[in-house]
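Understanding the architecture of this molecule
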Amino acid sequence: MADQASHHKHDHATLTFPEGFLWGTATSAHQVEGGNSNNDWWQWEQTRPQQFWSGPSCDHYHKYEEDFDLAKNLGHNAHRLSIEWSRIEPEEGKFDLREIEHYQNVLKALKDRGLKVMLTLHHFTNPAWFAQKGGWENRKSAFYFERFVKTIVPEIKDYVDFWITINEPGVLVWGSYIAAIWPPQKKSRWKALKAMWNIIRAHKKAYKAIHKLVPKTEVGLAQNVQSYTAYHKHSLIEQFGVIFSDLASNHIFYFLTKGYHDFYGLNYYFHYRLKEHGLGVEITDVTHFSKDISDMGWEIFPEGIFNVLTDLSNHIPIYLTECGIATSNDDRRIRFLMQYLQEVYRAIQAGVNVKGFFYWSLLDNFEWADGYEPKFGLIEVDFKTQKRTIKPSSLLYQDIIKHNGIRHKLMKFLGHRVSVKEVLEEK
Ligand code: BGC
């Protein structure tokens, strides 16, 4: 009886997150700033049809104050962003003081608005000079990155709460050298291995350098983590496939960089169903059986975030440094947020030390090789006029942040019985 009563109560209360939970969004310099003409991406974009050029992007380089005002007014208490290495060190060893000052102003603008700052030092793009030297394949790449880190960190340390050295090493290497759909488009397992090794060295060097320069701070890295399930539960081969893929894509990196993480930064987007194929397994294409998929073709699988959180949980705090959906239908974004955040809540109830959530992304922006078609933003950007328009999902997120959790009445969206506006306006 008592059990039933508490269950009943729980069902109708707010799903409250831990005190001090960080709520925000994430962006990266090349995807929102515009005009980053001195990096490898920009140069590669010029070889593609114009619709895939980043160009002026969201002009966040100039409009950051307006954008941070929006974030602040929407209740965010934290923000994740990156600085563009190619602006700060446009030529090897030559640092541009005006650009350093620019980023000081950007970070200060966040602090002035009372937001916690999570800063990424490398988010996919490389300075053109660095790329010409072989990029991450070059053994000296880790040294070049460390030199950049040692130069920039003392200049901005007063405005940064959390440091992310490198965003998604696995995705970076996969895109550049395995799938070879990103610059430098060199398909080679050997180059992939070399690049990964150098990125690991670079992360470790940066981790040590930052701690030396700023003794009391938190340093980590953002990893893209995936959840896997067996297509046939009874298939041993598929179950082995799940274990192997989980180890290879989620765990090995942490094993190789053990001791170099004050927190785990997890970016969660992918769930894969593994199906027997010959002597191994292959990823099932879920688009064929109309599973719930985003505009990127990625499966919407809320339990997956619970699975990766519980799987990776140890004593280290976890921040969800990215999680989001590309959709032109904002109702789907609302459902996505509700469903994924419920799973995050459950993971916390299960004992996982999750301390923050950064929705990807604040603004609709440049989605790498896919250009501007995918819409990940809580805020719409009209790329002709640069006008920002708040989407209803922003208001839902604002309500969640305001209550530090999900109010029971918000669940009404899930059945599509009412609109966000109706629920939020309800007294
Ligand atoms: C990256 C972002 C990207 C997002 C959506 C993440 O892998 O860090 O830069 O926009 O996924 O694809």
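You'll find the structure just up there.
Quantities reported herein were computed from a predicted structural model and do not represent experimental measurements. Within every chain, residues take consecutive numbers counted from 1 along the sequence as written. Residue-level local features of this predicted model are given only where pLDDT is at least 70; pairs of side-chain atoms are given and counted only at 80 or more, and the full residue set underlies all totals for whole chains, interfaces and linings. Side-chain figures throughout are based on the complete set of non-hydrogen atoms in the structure, without hydrogens or water.

**So, a nonpolar patch on the surface**
Put simply, the rule is: Within the patch definition used here, like charges are joined within 9 Å and nonpolar side chains (Val, Leu, Ile, Met, Phe, Trp, Tyr) within 5 Å, considering only residues with over 30% relative accessible area and no salt bridge. All accessible areas in this document rest on Shrake-Rupley with a 1.4 Å probe, and a residue is counted as covered only by the protein chains that are shown. Just to be clear on terms, a salt bridge is a Lys or Arg side-chain nitrogen sitting within 4 Å of an Asp or Glu carboxyl oxygen. In DSSP terms, a helix is any run of H or I states spanning at least four residues, a strand is any run of E spanning at least two, and both are numbered starting from the N terminus. Summary of the burial criterion: residues with accessible area below 20% of their type's maximum are buried, those above 50% are exposed, and those between are partly exposed, where the area comes from a 1.4 Å probe applied to protein chains only.
There is a patch of nonpolar side chains on the surface, built from Trp197, Ile252, Phe255 and Leu256 and spanning about 440 Å² of accessible area. Looking at which element gives the most residues to the nonpolar patch, the answer is helix α11 (residues 236–256), with three residues. Within the secondary structure, Leu256 is located in helix α11. Classification of Leu256 as partly exposed rests on a relative accessible area of 34%.

**Section: the site of the ligand**
Just so we agree on the cut-off: In these notes, residues near a molecule or strand are those with any non-hydrogen atom within 4 Å of it. Nitrogen and oxygen atoms within 3.5 Å of one another constitute a polar contact, given that in protein one can donate a hydrogen and the other can accept it, and given that sequence-neighbouring residues count only through two side-chain atoms. Note on residue classes: Ala, Val, Leu, Ile, Met, Phe, Trp, Tyr, Cys and Pro are nonpolar, Asp, Glu, Lys and Arg are charged, and everything else, Gly too, is polar.
Looking at the ligand, there are 13 residues lining it, with Gln31, His123, Glu168, Glu322 and Glu367 nearest. Asn167 has a polar side-chain atom sitting 2.9 Å from an oxygen atom of the ligand. Glu322 places a polar side-chain atom, nitrogen or oxygen, 2.8 Å from an oxygen atom of the ligand. Counted by class, the shell around the ligand contains six nonpolar, four polar and three charged residues.

**Structural notes on unusual backbone geometry**
Looking along the chain, the bond that leaves Pro183 and enters Pro184 is cis, with omega of 5°. The residue Pro184 is located in the loop between α9 (169–178) and α10 (189–213) in this model. The omega torsion of the bond from Trp360 to Ser361 falls at 15°, within 30 degrees of zero and hence cis. Here Ser361 lies in the loop between β10 (354–360) and β11 (379–382). The backbone of Trp368 shows a phi angle near 45°, a positive value even though the residue is not glycine.

**Observations concerning the environment of Thr327**
Threshold: Contacts: residue pairs with any heavy atoms within 4.5 Å of one another.
Mapped onto the secondary structure, Thr327 falls in the loop between β9 (318–323) and α13 (330–349). Owing to a relative accessible area of 2%, Thr327 belongs among the buried residues under this scheme. Residues Thr327 and Gly20, spaced 307 residues apart in sequence, show a C-alpha to C-alpha distance of 30 Å. Beyond its immediate chain neighbours, meaning those up to four positions away, Thr327 contacts Asp295, Arg332, Arg333 and Lys375.

**Regarding the pattern of salt bridges**
Going through the model one piece at a time under the given rule, you end up with 24 salt bridges. A salt bridge links Lys63 to Glu66; the nearest nitrogen and oxygen atoms lie 3.2 Å apart. A residue pair is termed a helical-turn pair when its members lie 3 or 4 positions apart in one helix, as Lys63 and Glu66 do in helix α4 (residues 60–73) at three residues. Note on Glu66: relative accessible area 34%, which makes it partly exposed. Asp161 is the salt-bridge partner of Lys111, the closest N and O atoms lying 2.8 Å from each other. On the criterion of sequence distance, the pair formed by Lys111 in helix α6 (residues 97–112) and Asp161 in the loop between α8 (141–156) and β5 (162–167) is long-range, its members being 50 residues apart. The exposure class of Lys111 is partly exposed, given its relative accessible area of 29%. On the accessibility criterion, Asp161 (22% relative accessible area) is partly exposed.

The values are spatial; any link to function lies outside them.
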